[in-house]
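# Overview (structure and organization)
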Amino acid sequence: MDFKFPTIVKNNIHYFDYGATSFMPQNVIDKWREVNTEIGVSVGRGSSILTKKAEKELNAAEEYFNDFFNINGEYKNIYAKNVTEAINIVALAIEELISVMDMIVIGPFEHHSNYLIWKKIAKKRKALFCEIPVDKQGKIDYSFFDRYKERIKVVSVSAVSNSFGYKIDVKKIADKLNEETIFLVDESQVVAHMPIEVEQRISGYFIPSHKMYGPKNIAMACVKSDIIKNMNPVILGGGMVETVGFKTEWLESNKKFNAGTMDISLISAWVEACKFIEKITYKDIEKRNNKYSKIIKETLKESGYEIIEIKDNCVNYIISFIHPNIHAHDINEYLSSKNIIIRSGNLCSQNALRKIESNALNRITLGIGISDADVKILCNELRRIAKC
């Protein structure tokens, strides 16, 4: 079954860059328009009939998110424009909890959004900034956590890396951490393909909308209430204060992070995107990924491309590759001329590419909008390039 997306149809493209962003199906666009038309205001601004509608919409959305992501009421949502901003907000909000010589640990193949802010905070707090070590085969050395667990204050990892799909065993990490360690997981490359790994020891999850067929400009950090209690608000202004005067008091829990106007229509449309995935089911999405991944990988191998992966540790819906003689950007430009969209370059993950001694690669990421015809056209062009 092929799924039609207005943006793909309108531009007549063959889209293979779902790891960067996905498009909204028509029902998600319609929901965004409906809420803007029928409500059009935010929460916490007066007590009008429209404000009450907005509050009802938000409450219903949060209940749905709890069920869909299987995250219980112990977690509260902090909304942001995107996961990059969400990570920054949480990192800055817990900054004062980090002491001299504490360890801040990130994954070995991180996106810059989960790298730069922690490096900055480590420098400012005189803490140690560390990547989880990998062995010669590129596999994570989980014994690292046994050796340094007493000193680790924060662990922040991507459950699946955007560079070449490395999947981290978050449950194994969780089992090795102290109770006091703050453990954060970025689910950006997971939520469109499979359920997130729910683990009680995880302090917070970062979840995007635009990578799972929802609108852009909305994401959330789902953070445990006991962590939020000790977090300082980062953005100050209307809607997040209890009292302003000689002494300023913030609102309780996640409400202290709700400065400014919140766009309820984005959140409602995001719920519709979750329902879109729910209707298709993760099981069927996995079947599609298995089918198309096999065809594309066979084509790449037969045509002389090198697939960048760590055996048995990478997901199949992220396919990164290089050609021994043709630069990644040249491959990208040629495919673009055929209306085929993939990704090339360092993928905002320069630290990961250094580990494979490369500064640019090509990446194909799978998604619901891909059809048999799209895959056939892509593979034909990949073969044609390899013959040059």
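Residues numbered from 1 in each chain as written. Predicted model: local features only at pLDDT ≥ 70, side-chain atom pairs only at ≥ 80, totals over all residues. Heavy atoms only, no water.

### Comments concerning the side chain of Ser349
The line we're drawing: A helix here means a DSSP run of H or I that spans at least four residues, while a strand means a run of E at least two residues long, and both kinds are numbered starting from the N terminus. When checking whether two residues touch, look at their non-hydrogen atoms; a contact exists if any pair is within 4.5 Å.
Structurally, Ser349 is set in the loop between β14 (343-345) and α12 (350-354). The contact partners of Ser349, leaving out residues within four places of it in the chain, are Phe109, Glu110, His111, His112, Asn162 and Ser163.

### A few points about the environment of Tyr142
Cut-off, in case you're wondering: Three labels apply to residues, based on accessible area from a 1.4 Å probe with only protein chains included: buried if under 20% of the type maximum, exposed if over 50%, partly exposed otherwise in between. Distance and chemistry together define a polar contact, namely a pair of N or O atoms within 3.5 Å, with one atom able to donate a hydrogen and the other to accept it when in protein, and with adjacent residues in sequence counting only for side-chain atoms on both sides.
Mapped onto the fold, Tyr142 is located in the loop between β4 (128-131) and α6 (143-148). For Tyr142, a relative accessible area of 13% puts it in the buried group. Through-space distance from the C-alpha of Tyr142 to that of Ile173 is 7.1 Å; in sequence the pair is 31 residues apart. Beyond its immediate stretch of four places on either side in the chain, Tyr142 contacts Ile168, Asp169, Lys172, Ile173 and Lys176. Engagement of the side chain of Tyr142 in a polar contact is seen with the backbone nitrogen of Asp169, the distance being 2.9 Å.

### What about helix α11 (residues 328-337)?
Our working definition: Of all possible arcs, the one meant is that of the directions from the helix axis to the C-beta atoms.
What α11 keeps buried is the set Ala328, Ile331, Asn332 and Leu335. The buried residues of α11 occupy an angular sector of 100° when the element is viewed end-on, so they sit on one face. Exposed residues on α11 whose side chains face more than 90 degrees from its buried face are Glu333 and Ser337. Residues of α11 that are buried in the fold lie against β13 (340-341), β14, β15 (361-365) and α13 (372-386). At the C-terminal side of α11, Asn339 shows a positive phi close to 65°.

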